[in-house]
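Spelled out, the chains give:
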Amino acid sequence: MQMSALRHVVCALSGGVDSAVAALLLRRRGYQVTGVFMKNWDSLDEHGVCAADKDCEDAYKVCQLLDIPFHQVSYVKEYWNDVFSDFLNEYEKGRTPNPDIMCNKHIKFSCFYHYAVDNLGADAVATGHYARTSLEDEEVFEQKHTKRPDGLFRNRFEVRNPVKLLQAADSYKDQTFFLSQVSQDALRRTIFPLGELTKDFVKKIAAENRLHHVLQKKESMGICFIGKRNFEHFILQYLQPRPGKFISIEDNKVLGTHKGWFLYTLGQRAKISGLREPWYVVEKDGIKGDVLVAPQVDHPALYRDLLRTNRVHWIAEEPPATLVRDKMMECHFRFRHQMALVPCVLTLNQDGTVWVTAVKAVRGLALGQFAVFYKSDECLGSGKILRLGPSAYTLQKGKNRTRVAPEVSSDSPGLHPTP
Ligand SMILES: Nc1ncnc2c1ncn2[C@@H]1O[C@H](COP(=O)(O)OP(=O)(O)OP(=O)(O)O)[C@@H](O)[C@H]1O
């Protein structure tokens, strides 16, 4: 076969084991592969070392070993504007953002995707994510790059046979949660070479193919730009402290003070100086800046069964036909990576937002998190949580007082779900 006839796949290489093996497998399938390292964050870690430089070197070494071209791109500015600013704004509003979901949406599957297709002439892009799509490689290559019209007249019937995002075969490693805001356009031209593999198998392939330098690296944990640093210290470099009180939800007693209500997420253990027993964050008062806490890890104030999202991003069907027809749909959702899926019922609103009613109350729902929806092994899409229903504790108190319980919300008062 002539070089020009080879399929060209551009693989995002992080310098880690997963993307290295992804590139290797693409090479084995006979494709022309190019490796691209993205620099998204520009700073020194706690030891004065720029971690991105080391990762970039490792990615370059992978390309040398596989004998494929290497490119480096900087999205430091885009990452700051589209991911980090949003992260800070959300925290400032007292919400719990997810920068990894935003990074996939805006950087990997937008900036990188366009760079690969428009500048490097890629027939498809690939990453080392553990996820699958409903397309075989050949079907991915058959996609014509046609830009869909934006705006009012784009409707859900325009995309024929939309590509589905499916959970990885290794359900423990599955990363569809983080991919739930990716566009249909990018997904149609994406290959996930690791989708059918387990992590152990991926490591074995790396070991058998002289990729020892990436194998020895530790798994990236937590938010990439914070690394091992103390979260409170990191965030207080960017946001003004806003001292407030820790208040017990049970008797309104002031238990201590904190440096900012935005430092706490619902469900998290609050370290209150002078107190040995654990207390857990159950509510935040944005006006006074107080953090309400409860004394047990499974306190009813931590449990809710109702939430509302912003306009949902649907990956394949916009929105699913069943939901449009019945205005309701049974499915599953999760709001943290790797948590067990929770059965729920969705109710669609006129503006594309949904109400999610969990079959059973769940612990630790927080504003700003993404509710990611699943139907069997398909990831349908996700919406950001902007409103929470009353907690089990509020409902109990309400029952005792026979009064209607208030909702927690980060914006103006809204509707209740209407069946
Ligand atoms: N800095 C980067 N440059 C290029 N691609 C990246 C970068 N960071 C992540 N990716 C891509 O996104 C995928 C998922 O990233 P994630 O941070 O979840 O790492 P991971 O699952 O530990 O994978 P890896 O072992 O390849 O680092 C990677 O496999 C890689 O394809």
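Remember, predicted model here, so these are calculated numbers, not experimental data.

Concerning the overall build of the protein chain
- If you tally the helices and strands in the protein chain, you get twelve helices and 20 strands.
- Sorting the 419 residues of the protein chain into buried and exposed places 51% on the buried side.

Observations regarding the environment of Ala-59
- In this structure, Ala-59 sits in helix 2 (residues 51-66).
- Note on Ala-59: relative accessible area 0%, which makes it buried.
- In this structure, the C-alpha to C-alpha distance between Ala-59 and Gly-15, residues 44 residues apart in sequence, is 4.1 Å.

Some thoughts on the site of the ligand
- Neighbouring residues of the ligand: 16 residues in total, closest Ala-12, Ser-14, Asp-18, Ser-19 and Met-38.
- The separation between an oxygen atom of the ligand and a polar side-chain atom of Ser-14 is 2.6 Å.
- For the ligand, whose free accessible area comes to 580 Å², the fraction covered by protein is 83%.
- Sorting the residues of the shell around the ligand by element identifies helix 1 (17-28) and strand 2 (32-39) as the ones contributing at least two each.
- A breakdown of the residues in the shell around the ligand according to their chemical character gives six nonpolar, eight polar and two charged.

Re the side chain of Thr-96
- Position of Thr-96 among the secondary structure elements: in the loop between helix 3 (76-92) and helix 4 (99-119).
- According to the relative accessible area criterion, Thr-96 is buried, its value standing at 12%.
- Excluding its chain neighbours within four sequence positions, the residues that come into contact with Thr-96 are Thr-265, Ala-366, Leu-367, Gly-368 and Gln-369.

A word on the nonpolar core
- Within the largest apolar cluster, 85 residues are counted, with the highest numbers of intra-cluster contacts made by Phe-87, Val-293, Phe-333, Leu-346 and Phe-373.
- A per-element tally of this core places helix 4 first, with eleven residues.
- Grouped together as the second largest cluster of nonpolar side chains are 36 residues, Cys-11, Val-17, Ala-20 and Ala-126 included.

Focus on the UniProt feature "domain: tRNA-specific 2-thiouridylase MnmA-like C-terminal" (unreviewed entry) in the protein chain
- The UniProt feature table records "domain: tRNA-specific 2-thiouridylase MnmA-like C-terminal" (unreviewed entry) at residues 305-385.
- The span residues 305-385 is 7% helical and 59% strand by assignment, and the distance between its end C-alpha atoms comes to 13 Å.

Examining the pattern of salt bridges
- As enumerated under the stated definition, the model contains 13 salt bridges in all.
- We note a salt bridge from Asp-377 to Arg-132, for which the minimum N-O separation is 3.0 Å. Taken as a pair, Asp-377 in the loop between strand 18 (370-375) and strand 19 (378-388) and Arg-132 in strand 5 (residues 132-133) lie far apart in primary sequence, 245 residues in all.
- Note that Asp-326 is salt-bridged to Arg-325, the shortest N-O span being 3.0 Å.
- A relative accessible area of 40% places Asp-326 in the partly exposed class.
- You can call Arg-325 exposed: its relative accessible area is 61%.
- Residues participating in the shared-partner salt-bridge network are Glu-90, Lys-93, Arg-95 and Lys-384.

Section: helix 12 (residues 392-401)
- Inspection of helix 12 places Tyr-393, Thr-394 and Gly-398 among the buried residues, and these make up the whole buried set. Down the axis of helix 12, the smallest arc covering the buried residues is 135 degrees, so these residues share one side. Turned more than 90 degrees away from the buried face of helix 12, the exposed residues are Lys-399 and Asn-400.

Quick look at the packing of helix 3 against helix 4
- Where helix 3 meets helix 4, the closest approach of the two axes is 9 Å, and the angle between their N-to-C directions is 160 degrees. Judged by the angle between their axes, helix 3 and helix 4 are roughly antiparallel. For the pair helix 3 and helix 4, the sense of crossing is right-handed. For the pair helix 3 and helix 4, the contacting residues are Glu-78, Tyr-79, Asp-82, Val-83, Asp-86 and Phe-87 in the first and Pro-99, Met-102, Cys-103, His-106, Ile-107 and Cys-111 in the second.
- For the contact of helix 3 with helix 4, the class distribution of residues is eight nonpolar, one polar and three charged.

Looking at the UniProt feature "domain: tRNA-specific 2-thiouridylase MnmA-like central" (unreviewed entry) in the protein chain
- With numbering matched to this structure, UniProt assigns "domain: tRNA-specific 2-thiouridylase MnmA-like central" (unreviewed entry) to residues 232-294.
- Secondary structure within residues 232-294 divides into 6% helix and 38% strand; the distance between the first and last C-alpha atoms comes to 21 Å.

Focus on the state of the cysteines
- Enumeration over the complete set of coordinates arrives at zero disulfides.
- Looking at the unpaired Cys-111, the closest cysteine sulfur is the one in Cys-103, lying at 9.1 Å.
- Cys-111 sits in the buried class, given a relative accessible area of 18%.

As for the sheet that holds strand 8 (residues 244-248)
- Spatial ordering of the open sheet is given by 9-8-12-11-10, a layout of five strands whose pairing is mixed. Among the strands making up the open sheet, the edge pair consists of strand 9 (254-258) and strand 10 (269-270).
- Sheet analysis places strand 10 next to strand 11 (residues 279-285), joined by two bridges and oriented antiparallel. Residue pairing across strands places Arg-269 opposite Tyr-280, the latter belonging to strand 11.

As for the sheet that holds strand 7 (residues 190-191)
- Ordered by their spatial adjacency, five strands build an open sheet running 3-2-1-4-7, and the pairing between neighbours is parallel. Two strands in the sheet have a free side with no partner beyond their single neighbour: strand 3 (70-74) and strand 7.
- Across three bridges, strand 1 (residues 8-12) lies against strand 4 (residues 124-126) in parallel orientation. Looking at the pairing, Val-10 lines up with Val-125 of strand 4.
- Set on the sheet, helix 2 makes contact with strand 2 and strand 3; between it and strand 2 the angle comes to about 175 degrees.

Definitions and limits used
Residues numbered from 1 in each chain as written. Predicted model: local features only at pLDDT ≥ 70, side-chain atom pairs only at ≥ 80, totals over all residues. Heavy atoms only, no water. Helix = DSSP H or I, 4+ residues; strand = E, 2+ residues; numbered from the N terminus. Buried < 20%, exposed > 50% of the residue type's maximum accessible area, 1.4 Å probe, protein only. Near = heavy atom within 4 Å. Polar contact = N/O pair within 3.5 Å; in protein donor to acceptor, adjacent residues only side chain to side chain. Areas by Shrake-Rupley, 256 points an atom, 1.4 Å probe, with all protein chains shown as cover. Nonpolar A, V, L, I, M, F, W, Y, C, P; charged D, E, K, R; others polar. Contact = heavy atoms within 4.5 Å. Core = buried A, V, L, I, M, F, W, Y, C linked by side-chain atoms within 4.5 Å. UniProt positions renumbered as here; feature names shortened; annotations may be inferred. Salt bridge = Lys/Arg side-chain N within 4 Å of Asp/Glu carboxyl O. Arc of directions from axis to C-beta. Axes fitted to C-alpha atoms, helices over the stretch in contact; angles between N-to-C directions. Parallel < 35°, antiparallel > 145°, perpendicular 65-115°, else oblique. Left-handed = near helix turned anticlockwise from the far one by under 90°. Disulfide = S-S within 2.5 Å. Pairing = 2+ DSSP bridges.

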